[in-house]
Amino acid sequence: MIIVMSTKAGDTEVQKVVDLLEGRGYGHHISRGVERTLIGAIGTPDGEKRTLAEQLMTMQGVERVVPIVRSYKLVSREHQEQTSVVYIGSAPFGRGNIGMIAGPCAIESAEQTVTAAKAVKDAGATVLRGGAFKPRTSPYDFQGLGEEGLKILAEAGRQTDLPTVTEAREARHIDLVARYADAIQIGARNMQNYDLLQAAGETGLPIILKRGLSATVEEWLKAAEYVASVGNLNIILCERGIRTFETITRFTLDLAGMVAAKNETHLPIIVDPSHSTGHHSLVAPMTLAALASGADGVMIEVHPHPDRALCDSLQQLTPRNFTRLMDRVRDLSSAMGLQLGNTAREA
Ligand code: PEP
Ligand code: MN
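Residues numbered from 1 in each chain as written. Chains lettered and ligands numbered in written order. Predicted model: local features only at pLDDT ≥ 70, side-chain atom pairs only at ≥ 80, totals over all residues. Heavy atoms only, no water.

Chemist: It is not clear to me how the overall build of the protein chain should be interpreted in this structure. Could you clarify?
Modeler: Summing up its helical and strand segments, the protein chain has eleven helices and 15 strands in all. Overall size of the protein chain, expressed as C-alpha extent along the three principal axes, is 75 × 45 × 45 Å. Here the protein chain holds 347 residues, and 52% of them are scored as buried. Sequence-distant contacts in the protein chain: of pairs separated by 6 or more residues, those separated by 24 or more amount to 68%. Looking at the protein chain as shown, the accessible area adds up to about 15,700 Å², and 50% of this sits on carbon and sulfur atoms. One finds the centroid of the 36 positive side-chain charges in the protein chain at a distance of 2 Å from the centroid of its 40 negative side-chain charges. (Helix = DSSP H or I, 4+ residues; strand = E, 2+ residues; numbered from the N terminus. Buried < 20%, exposed > 50% of the residue type's maximum accessible area, 1.4 Å probe, protein only. Contact = heavy atoms within 4.5 Å. Areas by Shrake-Rupley, 256 points an atom, 1.4 Å probe, with all protein chains shown as cover. Lys, Arg positive; Asp, Glu negative; His and termini not counted. Charge placed at Lys NZ, Arg CZ, Asp CG, Glu CD.)

Chemist: Any chance you could explain the packing of aromatic side chains here in plain terms?
Modeler: Each aromatic ring pair is described using two quantities: the centre-to-centre distance and the angle formed by the ring planes. This structure, assessed with the given rule, holds one aromatic pair. One Lys or Arg, Arg240, reaches over the ring of Phe251 and ends 4.2 Å from the middle of that ring. (Phe/Tyr/Trp six-rings, centres within 6.5 Å; stacked < 30°, edge-to-face > 60°. Lys NZ or Arg CZ within 6 Å of the ring centre and 35° of its normal.)

Chemist: How should I be thinking about the pairing of strand β9 (residues 164-167) in this particular structure?
Modeler: Two faces, one strand: in a regular strand the side chains alternate between the faces of the sheet. Going residue by residue along β9, you find Thr164 and Thr166 tucked away on one face and Val165 and Glu167 tucked away on the opposite face as well. Inspection of the sheet shows strand β8 (residues 127-129) paired to β9 by two bridges, in the parallel sense. From the neighbouring strand, Arg129 faces β9, where its bridge partner is Val165. With respect to chirality, the unit in which β8 leads through helix α4 (residues 147-160) into the neighbouring parallel β9 is right-handed. Alignment of β9 against strand β10 (residues 183-186), held across three bridges, turns out to be parallel. What sits directly across from Val165, in β10, is Ala183. (Pairing = 2+ DSSP bridges. Right-handed = clockwise from strand over helix to strand, strands pointing away.)

Chemist: Would you mind going over unusual backbone geometry with me for this structure?
Modeler: Glycine aside, residues mostly have negative phi, and peptide bonds are mostly found in the trans state. In this model, Asp161 sits at a positive phi of 60 degrees, which is unusual for a non-glycine residue. Secondary-structure assignment places Asp161 in the loop between α4 and β9. Judged by relative accessible area, which is 62%, Asp161 ranks as exposed. Unusually for a residue other than glycine, Asp312 sits at a positive phi of about 50 degrees. Tracing the backbone through its elements, the reader meets Asp312 in the loop between β14 (297-301) and α11 (319-336).

Chemist: Help me out: how do you make sense of the coordination of the manganese ion (ligand 2) in this one?
Modeler: The protein atoms donating to the manganese ion (ligand 2) are Cys105 (SG), His275 (NE2), Glu301 (OE) and Asp312 (OD), with metal-donor distances spanning 2.0 to 2.4 Å. In the primary structure, the donors to the manganese ion (ligand 2) are separated according to the pattern C-x169-H-x25-E-x10-D. With His275 in helix α9 (residues 273-277) and Asp312 in the loop between β14 and α11, this residue pair connects regions lying 37 residues apart in the sequence. Asp312 matches His275 in its accessibility class, with the two residues each being buried. (Donors = N, O, S within 2.8 Å, 3.2 Å for Na, K, Ca; no water.)

Chemist: For this particular structure, what's the right way to read the pattern of salt bridges?
Modeler: Where charged atoms from two side chains of opposite charge approach closely, those side chains can pair. A full pass over the atoms with the stated rule returns 15 salt bridges. Between Lys222 and Glu218 there is a salt bridge; the shortest N-O distance is 3.4 Å. Of the two residues, Lys222 and Glu218 both sit in helix α7 (residues 217-229), four residues apart, roughly one turn of that helix. Residue Lys222 is classed as partly exposed on the basis of its relative accessible area, which comes to 32%. Salt bridges sharing partners connect three or more residues here, namely Arg36, Glu63 and Arg64. (Salt bridge = Lys/Arg side-chain N within 4 Å of Asp/Glu carboxyl O.)

Chemist: Please explain helix α3 (residues 110-123) as it appears in this structure.
Modeler: Each α-helix turn comprises 3.6 residues. Residues three or four places apart therefore point the same way. Taking 1.5 Å of rise per residue, the 14 residues of α3 would be expected to cover 20 Å, and the 20 Å separating its terminal C-alpha atoms lies within 8% of that figure. When we look at burial in α3, the residues that qualify are Gln112, Thr113, Val114, Ala116, Ala117, Ala119, Val120 and Ala123. Those residues of α3 that are buried lie in contact with β7 (97-103), β8, α4 and α11. (Expected span 1.5 Å × (residues − 1).)

Chemist: Just to check I follow, could you spell out the environment of Ser31 for this structure?
Modeler: Turning to its location among the elements, Ser31 is positioned in strand β2 (residues 27-32). For Ser31, a relative accessible area of 34% puts it in the partly exposed group. Note: C-alpha distance between Ser31 and Ser276 (245 residues apart in sequence) is 41 Å. Discounting chain neighbours no more than four positions away, the residues touching Ser31 are Arg36, Thr37 and Leu38.

Chemist: Sorry if this is basic, but what is going on with the site of ligand 1 here?
Modeler: Neighbouring ligand 1 are the residues Arg129, Lys134, Pro135, Glu167, Gln185, Gly187, Ala188, Arg189, Lys210, Arg240 and His275. Side-chain polar atom of Arg189 to an oxygen atom of ligand 1: 2.9 Å apart, as the coordinates give it. Arg240 places a side-chain nitrogen or oxygen 2.6 Å from an oxygen atom of ligand 1. Its free accessible area being 300 Å², ligand 1 has 96% of it covered by the protein chains. Taken together, the residues that form the shell around ligand 1 break down as two nonpolar, three polar and six charged. (Near = heavy atom within 4 Å. Polar contact = N/O pair within 3.5 Å; in protein donor to acceptor, adjacent residues only side chain to side chain. Nonpolar A, V, L, I, M, F, W, Y, C, P; charged D, E, K, R; others polar.)

Chemist: What should I look at first to understand the nonpolar core in this one?
Modeler: Most often, soluble globular proteins have nonpolar side chains that are buried together. Counting residues in hydrophobic clusters, the biggest one holds 67 residues, and the most contacted among them are Ile184, Leu209, Ile235, Leu237, Ile300 and Phe322. Looking at this core element by element, the count peaks at seven residues for α7. Not counting residues up to four positions away in its chain, the partners in contact with Phe322 are Ala102, Val120, Ala123, Ala125, Ile300, Val302 and Leu317. Residues Met5, Val18, Ala41 and Val62 belong to the second largest nonpolar core, which totals 18 residues. (Core = buried A, V, L, I, M, F, W, Y, C linked by side-chain atoms within 4.5 Å.)

Pasting the structure below:
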């Protein structure tokens, strides 16, 4: 909270406020303006804000007490300092655990999905992805196989012993998706679909919440708060690139925004180097950059034959290139002391 001193308040009144804050165990920061002095109280727990504010209001020289309310609470580092570990099946994300999500953009057939699943599993992926309900920009493009696709994904996950994640595009798909997948993805275009966020949150499943195409970090965190507000803190945020004036890449990967978001929230954050760049040649460097900057994992599109893919063919990696990238990810992880791979769930 901020304590606004009156224009007439002198050093003695300021000191008395500081003494009170120190006596109650709070830090403070004084900002002396030309007209008045502002004192920031640092570290006030939620439960004590009201009584402290009331006490300060009675003091000589205090004009106003302004609470600083963040509109995201449960997901903030103020609420929980330590980074959360969120599991998708046996795959941990956060606090030094790197999750590697890989698989095709869309589930096209059993053969394509199982081939991709086996390849990414062999290379060291920890979660299998694949879209059954695709959010396509054009209504004439391949929209996904729907429930048939969910069945294929679940079977590919079973055969490879990989947990799965897939997108739910509408609230009415949530129950269906929850029946087949281990985690629900909320796509960039739906980041501010609050009914969908709450319905997904209510399943209790882990939620991957992608950043909206034009969403600020603050809007993204407030969207996560919608999921948290229904009692589900199993949230993994995903930076997937934002719209800027630049068109040489599909979107602009906002790694600084990812790091800034990590300073604000205890939730693990992953990066999607496939959709953010739109080109397979940029996926490996951006994966390494993301992990080097502190991302808790990545989500990468891998297709057995990218040239034949029904969507996003330019950005999907071949199994061979994904395997090569994983070798580099392993080197980077060991240099940085990060854990790769699935583990038993922490108590
Ligand atoms: C996806 O991951 O399949 C996808 C469509 O991504 P985004 O929502 O980030 O565009
Ligand atoms: Mn895609």
